[in-house]
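If you want the building blocks of each chain, they are given just below.
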Amino acid sequence: MLKQSITVVIPNHNGIELLPIVISSVINALIYSEVDYEIIIVDDCSTDNSVINVSNIYPEVKFLVNEKNLGFSKSVNKGVHASKNELVLILNNDVKLNIDYFLLTQKVLLKE
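This section reports on the structure supplied with the text.

Conventions and cut-offs
- Residue positions are counted from 1 within each chain, in the order its sequence is given.
- Side-chain atom pairs in this predicted model are given and counted only at pLDDT of 80 or more, local residue features only at pLDDT of at least 70, and totals for whole chains, interfaces and linings cover all residues.
- Processing note: side-chain calculations cover all non-hydrogen atoms of the structure and skip hydrogens and water entirely.
- Strands here are runs of E lasting at least two residues and helices are runs of H or I lasting at least four, both read from the DSSP assignment and numbered beginning at the N terminus.
- For each residue, the accessible area found with a 1.4 Å probe, counting protein chains only, is set against the maximum for its type, and the residue is called buried under 20%, exposed over 50%, and partly exposed in between.
- Think of it this way: a Phe, Tyr or Trp ring, Trp meaning its six-membered ring, pairs with another when their centres are within 6.5 Å, and the plane angle makes it stacked under 30 degrees, edge-to-face over 60, tilted otherwise.
- Among buried residues, the Ala, Val, Leu, Ile, Met, Phe, Trp, Tyr and Cys ones that are joined through side-chain atoms within 4.5 Å form a nonpolar core.
- Throughout, a contact is declared for two residues whenever any of their heavy atoms are within 4.5 Å.
- Any two strands with at least two DSSP-identified bridges between them are counted as paired.
- Throughout, an axis means a line fitted to C-alpha atoms (over the contacting stretch in the case of helices), and angles, computed between N-to-C directions, take values from 0 to 180 degrees.

1. Quick notes on unusual backbone geometry
Inference 1: One non-glycine residue, Glu34, lies in positive phi territory at about 60°.
Inference 2: You can see Glu34 is positioned in the loop between helix 1 (19-33) and strand 2 (37-43).
Inference 3: Its identity as a non-glycine residue notwithstanding, Asn49 has a phi of 60°, on the positive side.
Inference 4: Checked against the element boundaries, Asn49 lands in the loop between strand 2 and helix 2 (50-57).
Inference 5: On the basis of relative accessibility, which here comes to 46%, the residue Asn49 falls in the partly exposed class.

Below you can see the structure in the form of structure tokens.
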């Protein structure tokens, strides 16, 4: 079991089709690992109602909405700066995690 807390930062731009799948996989992996967590989506001026639709499905997810398109790096940095936990995972909005992702990652890190 991971002992640290983790924030997952996901930048988003018009990812309404991808976000529900990605967020579901992230939440399942985090719950499975029994780690304290938060998920932050940094929306980069989406026009597809990503924020409204996804926040209705996942009210526990924190959304930061850029007033202008900042691009990947600045959006990710905004999410990292807003994080409250010890560890941060930056995850693209098209990456689905396996349920044991965090446990396997911990095993790899402990071997080094």
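2. Considering the packing of aromatic side chains
Inference 1: If you walk through the whole model with that rule in mind, you get 1 aromatic pair.
Inference 2: For the ring pair Tyr101 and Phe102, a centre distance of 5.1 Å and an interplane angle of 85° mean the geometry is edge-to-face.
Inference 3: In this structure Tyr101 comes out as partly exposed when scored by relative accessible area, which is 30%.
Inference 4: Accessibility expressed as a relative area gives 3% for Phe102, which makes it buried.

3. A look at the nonpolar core
Inference 1: Ranked by internal contacts, the top residues of the largest apolar core, which has 21 residues, are Val8 and Ile39.
Inference 2: When residues of this core are traced back to their parent elements, those giving at least two are strand 1 (6-12), helix 1 and strand 2.
Inference 3: Here this core takes 7 residues from helix 1, the largest share from any one element.
Inference 4: Every residue in contact with Ile39, bar those within four places of it in the chain, is listed here: Val8, Ile10, Val26, Ile27, Leu30, Val61 and Lys62.

4. Section: the sheet that holds strand 4 (residues 87-90)
Two orientations exist for strands paired in a sheet by backbone hydrogen bonds: parallel and antiparallel.
Inference 1: The parallel open sheet is built from 4 strands, whose spatial order is 3-2-1-4. Of all strands in the sheet, those bounded by a partner on one side alone are strand 3 (62-65) and strand 4. Recorded for the sheet is a direction-independent mean angle of 20° between the axes of neighbouring strands.
Inference 2: Alignment of strand 1 against strand 4, held across 4 bridges, turns out to be parallel. Bridge assignment links Val8 to a residue of strand 4, and that residue is Leu89.
Inference 3: Of the strands in this sheet, strand 1 and strand 2 touch helix 1, which is tilted by about 160° from strand 2.
Inference 4: In the packing of helix 2 onto the sheet, contacts are made with strand 1, strand 2 and strand 3, and the angle to strand 3 comes to roughly 170°.

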